[in-house]
Amino acid sequence: MPFVRAGDIDVYYELQGDGPRVLNISGTGGDLRRRPGLASLLGDGFTLLSYDQRGLGQTSIPDGPYSMAGYAEDAAALLDALGWDSCRVMGTSFGGMVAQEFAVTYPDRVEKLVLNCTSSGGAGNPSYPLHELQDLEPETRMRTQLRLSDTRVTPEWEQENAAELEALLDQRRKMALIGADEPRRELGARLQLEARVHHDVFDRLPALTMPVLVCAGAYDGIAPPANSRAIVGQVATARYEEFEGGHGFFWQDPRAAEVITAFLHGV
(Lines give C-alpha, C1' and ligand atoms only; values in the text may rest on other atoms or scores of the structure.)
Protein backbone atom coordinates (compact mmCIF):
# COMPACT_ATOMS: atom_id res chain seq x y z
CA MET A 1 0.00 0.00 0.00
CA PRO A 2 1.38 3.47 -0.85
CA PHE A 3 2.32 5.47 2.23
CA VAL A 4 4.64 8.45 2.39
CA ARG A 5 6.04 10.43 5.29
CA ALA A 6 4.63 13.95 5.08
CA GLY A 7 5.69 16.21 7.90
CA ASP A 8 4.88 14.43 11.17
CA ILE A 9 2.45 11.83 9.78
CA ASP A 10 2.36 8.82 7.45
CA VAL A 11 -0.10 9.60 4.68
CA TYR A 12 -1.94 6.96 2.70
CA TYR A 13 -2.37 8.05 -0.93
CA GLU A 14 -3.42 6.73 -4.32
CA LEU A 15 -2.31 7.79 -7.81
CA GLN A 16 -4.28 6.98 -10.93
CA GLY A 17 -4.53 7.99 -14.56
CA ASP A 18 -2.26 9.97 -16.83
CA GLY A 19 -2.45 13.64 -17.74
CA PRO A 20 -2.43 16.98 -15.92
CA ARG A 21 -1.67 16.63 -12.22
CA VAL A 22 -4.66 17.06 -9.89
CA LEU A 23 -4.66 16.93 -6.09
CA ASN A 24 -8.03 15.65 -4.85
CA ILE A 25 -8.86 16.67 -1.26
CA SER A 26 -11.74 14.76 0.32
CA GLY A 27 -14.49 15.79 2.71
CA THR A 28 -15.49 15.10 6.30
CA GLY A 29 -14.75 11.52 7.29
CA GLY A 30 -13.09 10.80 3.94
CA ASP A 31 -11.60 7.32 3.58
CA LEU A 32 -10.24 6.01 0.27
CA ARG A 33 -11.49 2.54 1.13
CA ARG A 34 -15.02 3.81 0.55
CA ARG A 35 -15.80 3.13 -3.10
CA PRO A 36 -16.56 4.61 -5.48
CA GLY A 37 -14.84 7.86 -4.61
CA LEU A 38 -15.24 11.24 -6.24
CA ALA A 39 -12.05 10.61 -8.20
CA SER A 40 -13.90 8.05 -10.30
CA LEU A 41 -16.06 10.78 -11.85
CA LEU A 42 -13.07 12.48 -13.45
CA GLY A 43 -11.97 9.47 -15.48
CA ASP A 44 -8.38 8.63 -16.42
CA GLY A 45 -7.49 11.88 -18.20
CA PHE A 46 -5.52 13.19 -15.21
CA THR A 47 -2.71 12.10 -12.96
CA LEU A 48 -4.98 12.16 -9.93
CA LEU A 49 -3.54 12.19 -6.42
CA SER A 50 -6.01 11.34 -3.65
CA TYR A 51 -5.16 10.82 0.00
CA ASP A 52 -6.59 10.18 3.44
CA GLN A 53 -6.28 13.31 5.53
CA ARG A 54 -4.83 13.54 9.03
CA GLY A 55 -6.93 11.50 11.45
CA LEU A 56 -8.87 9.69 8.72
CA GLY A 57 -8.75 6.47 6.74
CA GLN A 58 -5.35 4.79 6.78
CA THR A 59 -3.35 7.95 7.50
CA SER A 60 -1.86 8.57 10.95
CA ILE A 61 -4.14 9.71 13.78
CA PRO A 62 -1.91 11.85 16.01
CA ASP A 63 -3.09 13.62 19.14
CA GLY A 64 -4.83 16.94 18.57
CA PRO A 65 -5.71 19.61 18.26
CA TYR A 66 -5.82 19.77 14.46
CA SER A 67 -6.11 23.04 12.55
CA MET A 68 -7.04 24.14 9.05
CA ALA A 69 -3.54 25.55 8.64
CA GLY A 70 -2.19 22.15 9.66
CA TYR A 71 -4.31 20.38 7.05
CA ALA A 72 -2.94 22.76 4.40
CA GLU A 73 0.59 22.01 5.60
CA ASP A 74 -0.14 18.29 5.28
CA ALA A 75 -1.17 18.77 1.64
CA ALA A 76 2.00 20.75 0.92
CA ALA A 77 4.15 18.11 2.64
CA LEU A 78 2.49 15.38 0.57
CA LEU A 79 3.26 17.25 -2.66
CA ASP A 80 6.86 17.76 -1.49
CA ALA A 81 7.25 14.07 -0.73
CA LEU A 82 6.01 13.12 -4.20
CA GLY A 83 8.01 15.81 -6.00
CA TRP A 84 5.05 17.87 -7.19
CA ASP A 85 5.94 21.57 -7.30
CA SER A 86 2.45 22.61 -8.41
CA CYS A 87 -0.77 21.07 -9.66
CA ARG A 88 -4.48 21.62 -10.12
CA VAL A 89 -6.45 21.24 -6.90
CA MET A 90 -9.99 20.00 -6.28
CA GLY A 91 -11.48 20.13 -2.80
CA THR A 92 -14.93 18.87 -1.82
CA SER A 93 -16.88 19.91 1.29
CA PHE A 94 -14.33 19.88 4.15
CA GLY A 95 -11.73 19.26 1.44
CA GLY A 96 -12.85 22.51 -0.17
CA MET A 97 -12.08 24.30 3.09
CA VAL A 98 -8.62 22.75 3.14
CA ALA A 99 -8.17 23.64 -0.54
CA GLN A 100 -8.99 27.29 0.16
CA GLU A 101 -6.53 27.38 3.07
CA PHE A 102 -3.92 25.68 0.88
CA ALA A 103 -4.48 28.10 -2.01
CA VAL A 104 -4.19 31.26 0.09
CA THR A 105 -1.10 29.90 1.86
CA TYR A 106 0.67 28.36 -1.16
CA PRO A 107 -0.76 30.21 -4.19
CA ASP A 108 2.22 29.41 -6.42
CA ARG A 109 1.50 25.68 -6.06
CA VAL A 110 -2.09 25.90 -7.34
CA GLU A 111 -2.53 26.08 -11.11
CA LYS A 112 -6.33 25.88 -11.01
CA LEU A 113 -8.76 25.43 -8.15
CA VAL A 114 -12.11 23.61 -7.97
CA LEU A 115 -14.22 24.10 -4.84
CA ASN A 116 -17.21 21.78 -4.48
CA CYS A 117 -20.07 22.27 -1.98
CA THR A 118 -17.99 24.21 0.52
CA SER A 119 -17.82 27.45 2.49
CA SER A 120 -15.29 30.12 3.34
CA GLY A 121 -16.37 30.77 6.92
CA GLY A 122 -16.28 34.26 8.31
CA ALA A 123 -18.46 36.81 6.52
CA GLY A 124 -19.03 34.24 3.77
CA ASN A 125 -20.81 31.99 6.31
CA PRO A 126 -19.75 28.58 7.64
CA SER A 127 -21.07 25.22 6.54
CA TYR A 128 -23.55 23.45 8.82
CA PRO A 129 -21.98 22.70 12.26
CA LEU A 130 -21.71 18.92 11.84
CA HIS A 131 -19.86 18.61 15.16
CA GLU A 132 -23.20 19.25 16.86
CA LEU A 133 -24.48 15.92 15.52
CA GLN A 134 -21.69 13.79 17.01
CA ASP A 135 -23.55 12.87 20.17
CA LEU A 136 -26.67 11.70 18.37
CA GLU A 137 -27.48 8.00 18.17
CA PRO A 138 -25.87 6.73 14.91
CA GLU A 139 -29.12 6.01 13.06
CA THR A 140 -30.55 9.41 14.02
CA ARG A 141 -27.33 11.09 12.94
CA MET A 142 -27.42 9.40 9.54
CA ARG A 143 -31.03 10.40 8.95
CA THR A 144 -30.28 13.98 9.98
CA GLN A 145 -27.25 14.17 7.71
CA LEU A 146 -29.27 12.80 4.81
CA ARG A 147 -31.90 15.53 5.24
CA LEU A 148 -29.21 18.18 5.51
CA SER A 149 -27.43 16.87 2.43
CA ASP A 150 -30.49 17.38 0.26
CA THR A 151 -33.25 19.70 1.41
CA ARG A 152 -35.73 17.87 -0.81
CA VAL A 153 -35.59 14.98 1.66
CA THR A 154 -38.52 16.10 3.80
CA PRO A 155 -40.73 13.97 6.06
CA GLU A 156 -43.29 13.94 3.26
CA TRP A 157 -40.68 12.75 0.74
CA GLU A 158 -39.56 10.02 3.14
CA GLN A 159 -43.10 8.70 3.48
CA GLU A 160 -43.64 8.66 -0.28
CA ASN A 161 -40.23 7.15 -1.12
CA ALA A 162 -39.67 4.62 1.65
CA ALA A 163 -37.71 2.15 -0.50
CA GLU A 164 -35.37 4.83 -1.87
CA LEU A 165 -34.86 6.23 1.61
CA GLU A 166 -33.92 2.82 2.99
CA ALA A 167 -31.46 2.27 0.13
CA LEU A 168 -29.77 5.62 0.86
CA LEU A 169 -29.56 4.85 4.57
CA ASP A 170 -28.24 1.35 3.94
CA GLN A 171 -25.49 2.78 1.77
CA ARG A 172 -24.50 5.13 4.60
CA ARG A 173 -24.56 2.27 7.11
CA LYS A 174 -22.17 0.22 4.98
CA MET A 175 -19.81 3.16 4.53
CA ALA A 176 -19.83 3.84 8.28
CA LEU A 177 -18.64 0.28 9.00
CA ILE A 178 -15.39 0.76 7.08
CA GLY A 179 -12.65 1.21 9.66
CA ALA A 180 -15.16 1.72 12.46
CA ASP A 181 -13.42 -0.69 14.84
CA GLU A 182 -9.90 0.64 14.27
CA PRO A 183 -8.04 2.24 17.21
CA ARG A 184 -8.46 6.01 17.61
CA ARG A 185 -10.96 6.18 14.73
CA GLU A 186 -13.49 8.20 16.73
CA LEU A 187 -10.73 10.50 17.97
CA GLY A 188 -9.56 11.33 14.45
CA ALA A 189 -13.10 12.03 13.25
CA ARG A 190 -13.80 14.30 16.23
CA LEU A 191 -10.54 16.22 15.84
CA GLN A 192 -11.29 16.86 12.16
CA LEU A 193 -14.73 18.24 13.00
CA GLU A 194 -13.22 20.47 15.69
CA ALA A 195 -10.72 21.91 13.19
CA ARG A 196 -13.60 22.60 10.81
CA VAL A 197 -15.28 24.85 13.39
CA HIS A 198 -12.48 27.42 13.14
CA HIS A 199 -12.32 27.62 9.34
CA ASP A 200 -12.28 31.22 8.06
CA VAL A 201 -10.50 32.30 4.88
CA PHE A 202 -13.05 34.83 3.63
CA ASP A 203 -10.92 37.96 4.05
CA ARG A 204 -7.88 36.29 2.43
CA LEU A 205 -9.67 35.02 -0.71
CA PRO A 206 -9.20 38.24 -2.77
CA ALA A 207 -5.49 37.42 -2.98
CA LEU A 208 -6.21 34.41 -5.22
CA THR A 209 -5.34 34.94 -8.89
CA MET A 210 -5.48 31.43 -10.36
CA PRO A 211 -8.62 30.30 -12.26
CA VAL A 212 -11.23 29.12 -9.75
CA LEU A 213 -14.40 27.09 -10.34
CA VAL A 214 -16.89 27.15 -7.45
CA CYS A 215 -19.62 24.48 -7.63
CA ALA A 216 -22.77 24.14 -5.55
CA GLY A 217 -25.83 21.92 -5.32
CA ALA A 218 -29.13 23.77 -5.52
CA TYR A 219 -30.57 21.76 -2.60
CA ASP A 220 -27.51 21.60 -0.34
CA GLY A 221 -28.34 22.24 3.31
CA ILE A 222 -24.77 21.70 4.54
CA ALA A 223 -23.02 24.22 2.27
CA PRO A 224 -25.88 26.26 0.77
CA PRO A 225 -25.41 27.89 -2.65
CA ALA A 226 -25.24 31.32 -1.01
CA ASN A 227 -21.96 30.27 0.62
CA SER A 228 -20.45 29.38 -2.75
CA ARG A 229 -21.64 32.64 -4.26
CA ALA A 230 -19.96 34.47 -1.38
CA ILE A 231 -16.65 32.83 -2.32
CA VAL A 232 -17.08 33.87 -5.95
CA GLY A 233 -17.73 37.44 -4.84
CA GLN A 234 -14.31 37.51 -3.17
CA VAL A 235 -12.25 36.08 -6.05
CA ALA A 236 -11.90 38.07 -9.29
CA THR A 237 -10.92 34.98 -11.28
CA ALA A 238 -13.74 32.75 -9.98
CA ARG A 239 -16.77 31.43 -11.81
CA TYR A 240 -19.88 29.87 -10.31
CA GLU A 241 -21.77 26.75 -11.40
CA GLU A 242 -24.90 25.41 -9.72
CA PHE A 243 -26.11 21.85 -10.25
CA GLU A 244 -29.32 19.90 -9.77
CA GLY A 245 -28.66 18.13 -6.51
CA GLY A 246 -27.65 18.53 -2.89
CA HIS A 247 -24.34 18.14 -1.08
CA GLY A 248 -23.62 15.20 -3.36
CA PHE A 249 -24.57 17.01 -6.58
CA PHE A 250 -21.64 15.42 -8.43
CA TRP A 251 -23.41 12.04 -8.13
CA GLN A 252 -26.84 13.47 -8.89
CA ASP A 253 -26.23 15.73 -11.90
CA PRO A 254 -24.20 14.24 -14.80
CA ARG A 255 -23.37 17.74 -16.00
CA ALA A 256 -21.18 18.31 -12.93
CA ALA A 257 -18.44 15.89 -13.99
CA GLU A 258 -18.47 17.33 -17.50
CA VAL A 259 -18.08 20.92 -16.27
CA ILE A 260 -15.40 20.11 -13.69
CA THR A 261 -13.41 17.93 -16.08
CA ALA A 262 -13.53 20.58 -18.82
CA PHE A 263 -12.36 23.26 -16.38
CA LEU A 264 -9.45 21.16 -15.11
CA HIS A 265 -8.39 20.37 -18.67
CA GLY A 266 -8.52 24.06 -19.52
CA VAL A 267 -11.48 24.04 -21.92
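A brief look at the structure comes next.

Rules behind the numbers
- All chains use their own residue numbering, which begins from 1 and follows the written sequence.
- Residue-level local features of this predicted model are given only where pLDDT is at least 70; pairs of side-chain atoms are given and counted only at 80 or more, and the full residue set underlies all totals for whole chains, interfaces and linings.
- Just so you know, side-chain values use all the structure's heavy atoms and leave hydrogens and water out.
- Only runs of H or I of at least four residues qualify as helices and only runs of E of at least two qualify as strands under DSSP, and these elements are numbered from the N terminus.
- This radius of gyration counts C-alpha atoms alone. The globule rule is 2.2 Å times how many residues there are, raised to the power 0.38.
- Exposure is judged per residue with a 1.4 Å probe applied to protein chains only, and the accessible area is read against the type maximum: over 50% gives exposed, under 20% gives buried, and values in between give partly exposed.
- Residue contacts are counted whenever heavy atoms from the two residues lie within 4.5 Å of one another.
- Method for areas: the Shrake-Rupley scheme with a 1.4 Å probe, in which residue coverage is limited to the protein chains shown.
- For this count, His and the chain ends are skipped, Lys and Arg are scored as positive, and Asp and Glu as negative.
- We put the charge of a Lys on NZ, of an Arg on CZ, of an Asp on CG and of a Glu on CD.
- Strands pair, by our definition, only if DSSP identifies at least two bridges between them.
- Should a side-chain nitrogen of Lys or Arg be within 4 Å of a carboxyl oxygen of Asp or Glu, the pair is scored as a salt bridge.
- Each axis is a line fitted through C-alpha atoms, and for a helix only the stretch in contact is used; angles between axes span 0 to 180 degrees, taken between their N-to-C directions.
- For any helix crossing, the convention is left-handed if the near helix is rotated counterclockwise from the far helix by under a right angle, and right-handed if that rotation is clockwise.
- Three classes are used: nonpolar for Ala, Val, Leu, Ile, Met, Phe, Trp, Tyr, Cys and Pro, charged for Asp, Glu, Lys and Arg, and polar for all others, with Gly counted as polar.
- Throughout, the protein atoms alone are placed on a 1 Å grid, and a set of points is a cavity if a 1.4 Å probe fits but cannot get out or a pocket if it is open with protein on both sides within 12 Å along at least five of seven lines; lining residues have an atom within 4 Å of a point.
- Grid points are joined across faces, edges and corners, and a volume is the space filled by probe spheres set on the points.

1. Re the overall build of the chain
Now for step 1: Within the chain one finds 9 helices and 8 strands.
Now for step 2: In terms of overall size, the chain behaves like a compact globule, its C-alpha atoms giving a radius of gyration of 17 Å where 267 residues would be expected to give roughly 18 Å.
Now for step 3: Principal-axis analysis of the C-alpha atoms places the extent of the chain at approximately 50 × 40 × 35 Å.
Now for step 4: Here the chain holds 267 residues, and 51% of them are scored as buried.
Now for step 5: Taking the intrachain contacts of the chain between residues at least 6 apart in sequence as the baseline, contacts between residues at least 24 apart amount to 77%.
Now for step 6: Of the roughly 11,700 Å² of accessible surface on the chain, 52% is carried by carbon and sulfur atoms.
Now for step 7: When the 24 positive and 38 negative side-chain charges of the chain are each reduced to one mean point, those points stand 1 Å apart.

2. Examining the pairing of strand β6 (residues 110-116)
Now for step 1: Here β6 lies mainly inside the structure; 6 of its 7 residues are buried.
Now for step 2: The sheet contact formed by strand β5 (residues 87-92) and β6 spans 5 bridges and is parallel. Across the sheet, V89 pairs through a bridge with L113, a residue of β6.
Now for step 3: One ladder, built from 4 bridges, connects β6 with strand β7 (residues 212-217); its direction is parallel. Each residue of the ladder has a partner; that of N116, found in β7, is C215.

3. Section: the pattern of salt bridges
Now for step 1: One pass over the structure, following the stated rule, counts 22 salt bridges.
Now for step 2: Taken together, the shared-partner salt bridges connect E139, E166, D170, R173 and K174 into one network.

4. Observations regarding the packing of helix α3 (residues 138-149) against helix α5 (residues 162-177)
For any two helices packed against each other, the geometry comes down to the angle between their axes and how far apart the axes lie.
Now for step 1: α5 packs onto α3 with a crossing angle of 115 degrees between their chain directions and a minimal axis gap of 10 Å. Between α3 and α5 the crossing geometry is right-handed. Judged by residue contacts, E139, M142, R143, Q145, L146 and S149 of α3 engage L165, L168, L169, R172 and R173 from α5.
Now for step 2: Its residues assigned to classes, the contact of α3 with α5 shows 5 nonpolar, 2 polar and 4 charged.

5. Observations regarding empty space enclosed by the protein
Now for step 1: Enumeration according to the criterion identifies 1 cavity of 30 Å³ or more in this entry.
Now for step 2: Along the walls of the largest cavity sit L38, L41, L42, M90, F250, A256, A257 and I260, which together make up its complete lining.
Now for step 3: Sort the elements by how many residues they give to the lining of the largest cavity and helix α9 (residues 254-265) lands first, with 3 residues.
Now for step 4: Taken together, the residues of the lining of the largest cavity sort by class into 8 nonpolar, no polar and no charged.

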